[in-house]
Amino acid sequence: MSLLIDRIGELVTHDGPPLEDAALVVEDGRVAWTGPARGAPAADDRIDADGAAVVPGFVDSHAHLVFAGDRAAEFAARMGGSPYTGGGIMTTVAATRAAGDDVLRSNTRRLVEEARRQGTTTIEIKSGYGLSVADEVRSLRVAGEFTAETTFLGAHVVPRGADPDEYVALVTGPMLNAVREHAKWIDVFCDRGAFTGEQAHEILTAGVAAGLLPRIHANQLGPGPGVRIAVELNAASADHCTHLSDADVDALAGGDTVATLLPGAEFSTRSPYPDARRLLDAGVTVALATDCNPGSSYTSSMPFCIALAVREMRMTPAEALWAATAGGARALRRDDVGHLRVGARAHLVILDAPSYLHLAYRPGVPLIQRVLP
Ligand code: NIG
Ligand code: FE
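Structure report, in brief.

Thresholds applied
- Residues numbered from 1 in each chain as written.
- Chains lettered and ligands numbered in written order.
- Predicted model: local features only at pLDDT ≥ 70, side-chain atom pairs only at ≥ 80, totals over all residues.
- Near = placed C-beta within 6 Å.
- Nonpolar A, V, L, I, M, F, W, Y, C, P; charged D, E, K, R; others polar.
- Helix = DSSP H or I, 4+ residues; strand = E, 2+ residues; numbered from the N terminus.
- Buried ≥ 20, exposed ≤ 12 C-beta atoms within 10 Å, placed from the backbone.
- Axes fitted to C-alpha atoms, helices over the stretch in contact; angles between N-to-C directions.
- Parallel < 35°, antiparallel > 145°, perpendicular 65-115°, else oblique.
- Left-handed = near helix turned anticlockwise from the far one by under 90°.
- Contact = placed C-beta atoms within 7 Å.

## Notes on the site of ligand 1
Ligand 1 sits among 14 residues. The nearest are I89, F189, N293, G295 and S296. Split by residue class, the shell around ligand 1 holds 4 nonpolar, 9 polar and 1 charged.

## Considering unusual backbone geometry
Of note, the amide linkage connecting L372 to P373 takes the cis form, showing an omega dihedral of 5 degrees. Of note, P373 is situated in the segment after β17 (368-372). We note that N234 has phi near 55 degrees; this positive angle belongs to a residue other than glycine. Tracing the backbone shows N234 in the loop between α7 (226-232) and β13 (237-240). Its identity is not glycine, yet C241 carries a phi of approximately 55 degrees, on the positive side. Tracing the chain through its elements places C241 in the loop between β13 and α8 (246-254). Classification of C241 as buried rests on a count of 30 C-beta atoms within 10 Å.

## With respect to the packing of helix α3 (residues 101-117) against helix α4 (residues 133-144)
When two helices pack together, their arrangement is given by the angle between the helix axes and by the axis-to-axis distance. Following both chains from N to C, one finds α3 and α4 inclined at 40 degrees, their axes separated by 10 Å at the closest point. With respect to α4, the element α3 is oriented oblique. As α3 runs across α4, the sense of the crossing is right-handed. For the pair α3 and α4, contact is made by D101, L104, R105 and T108 and by R138, V142 and A143, respectively.

Next comes the structure, spelled out in structure tokens:
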């Protein structure tokens, strides 16, 4: 079956500048042709975009969707002046452990569907609210029902009452062994109040030895060794990157690790935004993701993150769209999504707008008209 999407007002493929008055043909779920609407080949089916913009589906490379309960009261207290420390993670761990599989599954489904309605066609999902062998396994089983991009985050925090050394031994031993068949990635929260650089290095190295691919939460709450460890271990991505030294930026610029910025977290914790311009100007590959979780960033909206990146982080609209699509794909080491060049998966969004600029220009407005597939 082939499908022609024609009368596209503006088509963003990431193969050169956006095309005006364009068309795109899908065959067997892949992009088979793009070009001027006038030269488009015939196809079995047709969608008339009627002047709307078409962009690649968003790639949300960082989300914590498997949990129960919420922390609205914690958010309200923060807006009243309390700082974010990550201490609320154990509140969500308790609610998640107490929830049945069906509740975890339906909560995750609700968020995946919510994200999709906002144009997300690829999403990474982390565990990290179980923190016991059984609860991490079931979190990853649930995650795996919705995405191939599953991440083991047993090293989210040391559970209350546990000894840190014993917990690291559990994560790198029996827990890793039990989850390895259910996870593609391994992640560690390397920050104040979570795991040290040494622990993060040990945990990621153990994950790699077990066949998982490394990524990391780094330099969110303060400066630290996380970003440099990420580059040293050739992690696909270092996420947050809010507090970076010049040496961190140089390390990122010299390696293959993507800097994934999560402006929803700074918005929801009322923190200073990461310096995206400094990273981009140094030649670092930047991705944008939601960090969707009940504590620091309870949004599943990539358009919202694009708007924040443009307004608050001085990314251009073009840079922000690239980071939310191709950048996310790089952060997942994927080349089949995040762009619409011939051969890509036909994961795309028809906007309810004539240009992708509207994603930042019209914040908070539902601009997603249709999502494919
Ligand atoms: O990425 N920083 C660590 N983990 C999450 C927040 C988790 C929570 O507060 O529940 C984050 O921001
Ligand atoms: Fe996170």
